[in-house]
Amino acid sequence: MKHSILDGAPALTFPDTESARPPGRTLVRDCVSHPGVAVTPGTDFATVAAVLSASRRGIVPVVTADGSVAGAVAVSDLLAAYADEDTEAELSARDLMTSPAVTITDTTTAAAAAALLAEHSLHHLPVVDADGRLTGLLSSHDLLDALRRDDEAIRSEVLALALTPGSGAVPTSLHVRCERGRVSIAGRTRTRGDAAALCLQIARIDGLAEVVDHLTWDLDDTAPQPHG
């Protein structure tokens, strides 16, 4: 994924960070779907405004020469500058930006990123690598898509476990839902032991937050047996 710096100089690019998306463990770098455009601290007001307008993003990161994120300019920052009639000097990104910016590393989980967005009431986050260099821009829509895919991946894995020969589950009785990493499974198994074993297997799935067990069984094989 490529990212350009707009400051009147030739565009710079950053390395690709694409990787495979493991089921149930989506990382930030796996769900950034759009390239991020950045500006430098010296980028003029008009260019910053043009970048924000063209990108249709809520913010534009401000980066230094080595790609480190120095801050971010939001649409609200520009509107505040427009409304300030006393502003006569030519403004640049360094005058407009919020610093330090709230950023997130590309190895953070999608669930943790969603919590950070909610904590700071944000819709976008600059994504950085281990050295603090910009690698992309994450939006709330990117996260919603990623978390929805995670839920579907977890649900599919639960069904695969339940339908494995020997699980004891009755296939036609199964009903599985997954929302925000929380699995609800209902249905019938041959024995109570089969139900317990299946729930233990489900609990080991990566990315799972909780298992809600609504399973029933035909035979309670854990109950004490009467002596003859």
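A quick note: this is a predicted structure, and the numbers were derived from the prediction, not measured. (Residues numbered from 1 in each chain as written. Predicted model: local features only at pLDDT ≥ 70, side-chain atom pairs only at ≥ 80, totals over all residues. Heavy atoms only, no water.)

## Here we look at the pattern of salt bridges
Two side chains with opposite charge may pair up if their charged atoms get near one another. So the rule is basically this: By definition, a salt bridge exists where a carboxyl oxygen of Asp or Glu is found within 4 Å of a side-chain nitrogen of Lys or Arg.
Per the counting criterion, the structure on display carries seven salt bridges. Salt-bridge contacts for Asp-194 lead to Arg-190; the nearest nitrogen and oxygen are separated by 3.5 Å. Several salt bridges converge on common partners, so that one network encompasses Asp-129, Asp-131 and Arg-133.

## Quick word on the side chain of Thr-108
Quick reminder of the rule: Strands are runs of DSSP state E lasting at least 2 residues, helices are runs of H or I lasting at least 4, and numbering of each runs from the N terminus. Within 3.5 Å is the distance limit for a polar contact, defined as a pair of N or O atoms, with the added protein rule that one can donate a hydrogen and the other accept it, and that residues adjacent in sequence qualify only through two side-chain atoms. It only takes one pair of heavy atoms within 4.5 Å for two residues to be counted as in contact.
Tracing the sequence through the fold places Thr-108 in the loop between strand E5 (104–105) and helix H5 (110–120). A distance of 2.7 Å separates polar atoms of two side chains, one belonging to Thr-108 and the other to Thr-105. With residues near it in sequence (within four places) discarded, Thr-108 still touches Thr-26, Leu-27, Val-28 and Ala-113.

## As for a nonpolar patch on the surface
Heads up, the rule is: Patch membership needs two things, relative accessible area over 30% and no salt bridge, and members are linked within 9 Å if like-charged or within 5 Å if nonpolar (Val, Leu, Ile, Met, Phe, Trp, Tyr). Accessible surface area values rest on a Shrake-Rupley calculation with a 1.4 Å probe, where residue burial reflects the displayed protein chains alone.
A cluster of nonpolar side chains, namely Val-75, Leu-79 and Tyr-82, defines an oily patch on the protein surface of about 320 Å² accessible area. Of note, Tyr-82 is situated in helix H3 (residues 75–83).

## A few points about the sheet that holds strand E9 (residues 182–191)
Rules: At least two bridges found by DSSP between two strands is the condition for calling them paired. Axis angles are defined between N-to-C directions and span 0 to 180 degrees, where every axis is a line fitted to C-alpha atoms and, for a helix, only to the segment in contact.
The strand order E8-E9-E10 describes an open sheet built from three strands, whose pairing is mixed. Two strands close off the open sheet at either side, each with one partner strand: strand E8 (175–179) and strand E10 (210–219). Each strand of the sheet is rotated relative to its neighbour by a mean of 15°, with strand direction disregarded. Relative to E10, E9 is paired through nine bridges, and the arrangement is parallel. Bridge pairing links Arg-188 to Thr-216 in E10. Packing against the sheet, helix H6 (residues 140–162) makes contact with E8 and E9, and its axis sits at approximately 155° to E8.

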